[in-house]
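Now for the letters of each chain:
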Amino acid sequence: EALKLRPALQLQIPAGYNRDADRQALQIIAVDTQLNELLGNAATDEQEMLTSRTRKALEKLARTQLPDFSGRELRKQFERESPAADGSSFDEVAYIAELHLRLEQAQTVDDAQLIALAETRRTSIISQLASQGVLEPKQLKTGSVTEAGVTDDASIRLELSLEAVNEAQSPAKTDAP
């Protein structure tokens, strides 16, 4: 409200990213995207994770992306002794989670991707403020791309700043009858 009353002020909105938090998020997205492509864009919710189809798709990705991957060796780590007649059981959920984690860690995320994410984040903020009529578009200014800190709740902290616009740049007010 205060900024609406002061059209000579611009809100500077930086494009922020956190190297660790955003890299991890982009790695997860990369694996999920590849998994969805192999599954024919089927949903990969918790129930889907239990299927052998998901396990097979993750194993296929692991064979191509993890140079030292041995499905048999990893699988042995998730076989548990069972009092049942067959003597062992396979913890498929834990196996799938481990495969997913290993694939995530193998994904490369470069600075260009982090910067693109930061710019997308900034564009989203600007669009939200402009679309809700909070500020006029001319009062919103893009700030620089910066590495931001993470708060306790894992959100990205961005520092917004105000800048006074030179009166010559702001629209002139007229008192026409």
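If you're wondering where the values come from, they're calculated on a predicted model, not measured in any experiment.

Participant: Before we move on, could you go through the overall build of the protein chain and cite the residues and values that matter?
Facilitator: When helices and strands are tallied, the protein chain shows six helices and five strands. Helices (α) and strands (β) of the protein chain occur, in sequence order from the N terminus, as β-α-α-α-α-β-β-α-α-β-β. Residue burial in the protein chain is summarised as follows: out of 177 residues, 29% are buried. The long-range fraction of contacts in the protein chain, counting pairs at least 24 apart against all pairs at least 6 apart in sequence, stands at 72%. With the model as given, the accessible surface of the protein chain reaches about 11,600 Å², and the carbon-plus-sulfur share is 49%.

Participant: So what about helix α5 (residues 92-106)? Which residues, and what values?
Facilitator: Here α5 spans 21 Å end to end across 15 residues, near enough to the 21 Å set by a 1.5 Å rise per residue. Every buried residue belonging to α5 is among Glu92, Tyr95, Ile96, Leu99, His100, Leu103 and Glu104, and all of these are buried.

Participant: Hey, could you go over the sheet that holds strand β5 (residues 161-164) for me, with residue numbers and the actual values?
Facilitator: The strand order across the open sheet formed by three strands is β4-β1-β5, and the pairing between neighbours is mixed. On the outer flanks of this sheet lie β4 (140-147) and β5, each paired with one strand and no other. With direction set aside, neighbouring strand axes in the sheet form an average angle of 35 degrees. Across six bridges, the pairing between strand β1 (residues 9-17) and β4 is parallel. Counterpart to Leu11 in the pairing with β4 is Leu140.

Analysis parameters
- Residues numbered from 1 in each chain as written.
- Predicted model: local features only at pLDDT ≥ 70, side-chain atom pairs only at ≥ 80, totals over all residues.
- Heavy atoms only, no water.
- Helix = DSSP H or I, 4+ residues; strand = E, 2+ residues; numbered from the N terminus.
- Buried < 20%, exposed > 50% of the residue type's maximum accessible area, 1.4 Å probe, protein only.
- Contact = heavy atoms within 4.5 Å.
- Areas by Shrake-Rupley, 256 points an atom, 1.4 Å probe, with all protein chains shown as cover.
- Expected span 1.5 Å × (residues − 1).
- Pairing = 2+ DSSP bridges.
- Axes fitted to C-alpha atoms, helices over the stretch in contact; angles between N-to-C directions.

Note that all results are geometric; they support no functional claim without further evidence.
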